[in-house]
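Listed below, chain by chain, are the residues.
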Amino acid sequence: MRNAVSGFESVVVTNDAGEFFFNNLPLADYRLDVAASGFAPANLPAAVRSNVPLTVRVKLSVAAANASVEVTSENGELIDKNSSSTETRIDASRIERTANILRGRGLQRVVAQVSGVTTQNNGLVHIRSVEDGILYVVDGVPTSDRVD
């Protein structure tokens, strides 16, 4: 309980039934602040006008979930905060990681796992290019045409 004018403050803890009692409060207007772990805090006005006990029911709402996700990379090259474009580098470590997942099915299967790349019925790798609004650069050379 707090009185903003006088600065008077009294703090109590609830019992096992959630009940709380304030004794010997000076007659005044107060702000009742109620908080419990896992619940949103509640604030309500309370006016003490006599020595007669008052019953105040307080319903607490469940607190909103608050979560955050941080994406990081061991070598730092997966995320470029200054670029909105996408880039995929197929280096030796990626080939090794992907080949282990694909159980040694070859470089063609490793390349086919990159976004924007698909395999045709004959097994050839197809890289989408500027025809789809995407420009792929392979070994520093832009691929402006479809590549199989």
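It should be emphasised that the depicted structure is a prediction, and the values quoted were computed from it without experimental measurement.

## Focus on the overall build of the chain
Within the chain, the regular secondary structure consists of 2 helices and 6 strands. Of the regular secondary structure in the chain, the N- to C-terminal order runs β-β-α-α-β-β-β-β. Relative to its full complement of 148 residues, the chain shows a buried share of 17%. Long-range contacts, defined as pairs at least 24 residues apart, comprise 17% of the intrachain contacts of the chain with a sequence gap of at least 6.

## A few points about the pattern of salt bridges
Summed over all chains, the structure comprises 3 salt bridges. One salt bridge connects E9 with R2, and the closest N-O pair in it is separated by 3.6 Å. Of the charged contacts, one joins D33 and R2 as a salt bridge, the two residues approaching to 3.6 Å between their closest N and O atoms. A residue pair is termed long-range when its members are at least 10 positions apart, and D33 in strand β1 (residues 28-34) and R2 in the segment before β1 qualify at 31 residues. Judged by its relative accessible area of 34%, D33 is partly exposed. According to the relative accessible area criterion, R2 is partly exposed, its value standing at 44%. Sharing partners across several salt bridges, the network here consists of R2, E9 and D33.

## What about a nonpolar patch on the surface?
A contiguous nonpolar surface patch, about 230 Å² in accessible area, is contributed by I90, I95 and L107. Along the chain, I95 falls in helix α1 (residues 92-101).

## Some words on unusual backbone geometry
Positioned with a positive phi, N24 is a non-glycine residue whose angle comes to about 60°. In this structure, N24 sits in the segment before β1. For N24, a relative accessible area of 77% translates into the label exposed.

## Let's talk about the nonpolar core
If you look at the biggest cluster of nonpolar residues, it comprises 9 residues: M1, F22, L25, A28, Y30, L32, V34, A46 and V48. Mapped onto this core, the elements with two or more residues apiece are β1 and β2 (42-48). It is β1 that provides the largest number of residues to this core, a total of 4 residues. Beyond its immediate chain neighbours, meaning those up to four positions away, Y30 contacts M1, R2, N3, F8, L25, L44, P45, A46 and V48.

What counts, and where the lines are drawn
Residues numbered from 1 in each chain as written. Predicted model: local features only at pLDDT ≥ 70, side-chain atom pairs only at ≥ 80, totals over all residues. Heavy atoms only, no water. Helix = DSSP H or I, 4+ residues; strand = E, 2+ residues; numbered from the N terminus. Buried < 20%, exposed > 50% of the residue type's maximum accessible area, 1.4 Å probe, protein only. Contact = heavy atoms within 4.5 Å. Salt bridge = Lys/Arg side-chain N within 4 Å of Asp/Glu carboxyl O. Patch = residues over 30% accessible without salt bridge, like charges linked within 9 Å, V, L, I, M, F, W, Y side chains within 5 Å. Areas by Shrake-Rupley, 256 points an atom, 1.4 Å probe, with all protein chains shown as cover. Core = buried A, V, L, I, M, F, W, Y, C linked by side-chain atoms within 4.5 Å.

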